[in-house]
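For reference, the chains in residue letters:
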Amino acid sequence: MPKQPLLEPARIGRYTLANRVVMAPLTRSRADNPQLAPTDLHVEYYAQRASAGLIISEATQISPQGVGYINTPGIHSAAQIDGWSKVTKAVHAEGGMMFAQLWHVGRVSHPDFHNGEAPVAPSAINPEGQAFTQNGLQPTVTPRALEIDEIHAIVGDYVQAAKNAIKAGFDGVEIHGANGYLPNQFLVDSANVRTDEYGGEIANRARFLFEIIDGVSNAIGAERVGLRLSPSGLSNLKPDSNARALYEYVIMRLNDYKLAYLHLIEPTGPVAHIPNMVENVTAHFRPFYQGVLITNGGYDRESGNAVIEEGHADLVAYGKLFIANPDLPERFRARTPLNEPDRDTFYQGGAKGYIDYPALQAEVA
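In this report, we go over the structure that sits alongside the text. (Residues numbered from 1 in each chain as written. Predicted model: local features only at pLDDT ≥ 70, side-chain atom pairs only at ≥ 80, totals over all residues. Heavy atoms only, no water.)

**Overview of the packing of helix α3 (residues 148–167) against helix α6 (residues 207–220)**
Test applied: Axis definition: a line fitted to C-alpha atoms, limited for helices to the stretch in contact. Angles are taken between N-to-C directions and run from 0 to 180 degrees. Secondary structure elements follow DSSP: runs of H or I no shorter than four residues count as helices, runs of E no shorter than two count as strands, and numbering proceeds from the N terminus. With the far helix as reference, a near helix turned anticlockwise by less than a right angle produces a left-handed crossing, and one turned clockwise produces a right-handed crossing. What makes two residues a contact is simply this: any of their non-hydrogen atoms within 4.5 Å. By the convention adopted, Pro, Cys, Tyr, Trp, Phe, Met, Ile, Leu, Val and Ala count as nonpolar, Lys, Arg, Asp and Glu as charged, and the other residues, Gly among them, as polar.
Running from amino to carboxyl end, α3 crosses α6 at an angle of 35°, the nearest separation of the two axes being 9 Å. Crossing hand, α3 versus α6: right-handed. Along its contact with α3, which presents Ile151, His152, Ile154, Val155, Tyr158, Val159, Ala162, Lys163 and Ile166, the element α6 presents Phe208, Glu211, Ile212, Gly215, Val216, Ala219 and Ile220. For the contact of α3 with α6, the class distribution of residues is 12 nonpolar, 2 polar and 2 charged.

**A word on the packing of aromatic side chains**
Which entries qualify depends on this criterion: Note on aromatic pairs: the rings of Phe, Tyr and Trp (six-membered ring only in Trp) are paired at centre separations within 6.5 Å, and the planes decide the class, stacked below 30 degrees, edge-to-face beyond 60, tilted for the rest. Summary of the burial criterion: residues with accessible area below 20% of their type's maximum are buried, those above 50% are exposed, and those between are partly exposed, where the area comes from a 1.4 Å probe applied to protein chains only. Placement of a positive charge over a ring is assigned whenever Lys NZ or Arg CZ falls within 6 Å of the ring centre and within 35 degrees of the normal to the ring plane.
Per the stated rule, a full pass over the model turns up 16 aromatic pairs. Judged by centre distance (6.3 Å) and plane angle (75°), the rings of tyrosine 15 and phenylalanine 99 are edge-to-face. Here the residue tyrosine 15 occupies a position in strand β2 (residues 15–17), and phenylalanine 99 occupies one in strand β5 (residues 98–103), the gap between them amounting to 84 residues. Here the aromatic rings of phenylalanine 210 and tyrosine 257 are separated by 6.0 Å at their centres, their planes lie at 20°, and the arrangement is stacked. Placement of the pair is phenylalanine 210 in helix α6 and tyrosine 257 in the loop between α7 (243–253) and β12 (261–265), with a sequence separation of 47 residues. Neither phenylalanine 210 nor tyrosine 257 differs from the other in exposure class; each is buried. The rings of Tyr45, Tyr46, Trp84, Phe170 and Tyr354 are connected pair by pair, giving a single aromatic cluster. Here arginine 253 stacks its cationic end above the ring of phenylalanine 210, 4.0 Å away from the centre of that ring.

**Focus: α6**
Stated precisely, the cut-off is as follows: The span one expects for a helix is its residue count, reduced by one, times 1.5 Å.
The end-to-end C-alpha separation of α6 is 20 Å, in line with the 20 Å expected for 14 residues at 1.5 Å each. Taken as a whole, α6 has its buried residues at Phe208, Leu209, Phe210, Ile212, Ile213, Gly215, Val216, Ser217 and Ile220. Two residues or fewer after α6 comes glycine 221, characterised by a positive phi angle close to 100°.

**Things to note about helix α1 (residues 40–48)**
Defined as follows: Polar contact criterion, stated in full: a pair of N or O atoms within 3.5 Å, where within protein one must be able to donate a hydrogen and the other to accept it, and residues adjacent in sequence count only if both atoms are side-chain atoms.
Among the residues of α1, those classed as buried are His42, Val43, Tyr45 and Tyr46. Packing partners of the buried residues in α1 comprise β3 (21–23), β4 (54–61), α2 (78–93), β5 and α10 (320–324). Sitting at the amino-terminal end of α1 is threonine 39, which places a side-chain oxygen 3.2 Å from the backbone nitrogen of leucine 41.

**Brief notes about the pattern of salt bridges**
Opposite charge on two side chains makes pairing possible when the charged atoms of those side chains draw close. Convention followed: Any Lys or Arg side-chain nitrogen located within 4 Å of an Asp or Glu carboxyl oxygen qualifies as a salt bridge.
Taken as a whole and assessed by the stated rule, the structure comprises 9 salt bridges. In this structure, aspartate 314 engages arginine 286 in a salt bridge whose closest nitrogen and oxygen atoms are separated by 3.0 Å. Taken together, the residues span a long stretch of sequence, with aspartate 314 in the loop between α9 (301–309) and β14 (315–318) and arginine 286 in the loop between α8 (281–285) and β13 (293–296) at a distance of 28 residues. Two residues, glutamate 330 and arginine 333, come together in a salt bridge whose shortest N-O distance is 3.7 Å. Here arginine 333 and glutamate 330 lie together in helix α11 (residues 328–334), a separation of 3 residues that amounts to about one turn.

It is worth stressing that arrangement in space is one thing and function is another; only the former is reported here.
Below you can see the structure in the form of structure tokens.
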């Protein structure tokens, strides 16, 4: 029987993982309380999936300013820290490992979340999308460009959120620098037209991201910090004029740090027609990065094992498969059929489609 490198142990930072199957960060909109704090449903949901080598939490806002979707949890208040503490305790009791994903959506937010005030961004450019608010889908608005002192304050929010995550029992944090959210907005010249030290040439546009990495690494240790990037992503933004050069610069510079990992997202749609966009993200950027690399993007068991065997990645993150298969590593091990996820329940709230997918042992019984 062919070997499965997905099921072999792996080392990230200070930790040894039981396997290389990572639970990707998955927004599920279940923090339906005024505190935007994790609930008992979150505790059960994540504990069910603790057989992952690493769980990366759903995107978790670092401050009230960072909110951009309904019923998503934060990591900036006492109630939120307490809620997450119950989650991490349950995951650890099942032998799991868990990082918190730190999130600020920037211009993707909406005034409905901010008492009528405009969301913030590097530049006053409307992403021309939709925001999912308590009042339903709303068109995005033109954001307010951040002042330099505000940028410094947001870096401080990331640092405090990382400290809060460790206080809540997380093993580390992942900085969300992908999918068109605030750090990504600073990186790409389609969203950042600043003329100060945070705009213009690539090094300046990357300054905000590296200030976050520096601050968080100094606060909790670089070996407990991961970073997620989407070099060929088009979510919530238009492409950079030279995404290839931008991300080659950023990823090579990451070698100056001893991060726990770099987490790369493959394109979610065709990009070959876009100048300077990379079609095969993981294979292209692997030679530029010397550390642990996680890849994410539509993998199944076979392709996940293959990408590790080929040397392009060290671990593979799974999203929808983990929604429907709480014991995904065991199903890979047994080579059994997988449950199909119910898309209608991804964001609707409640237990249905969240904690009611059967584990393999339950199906056998």
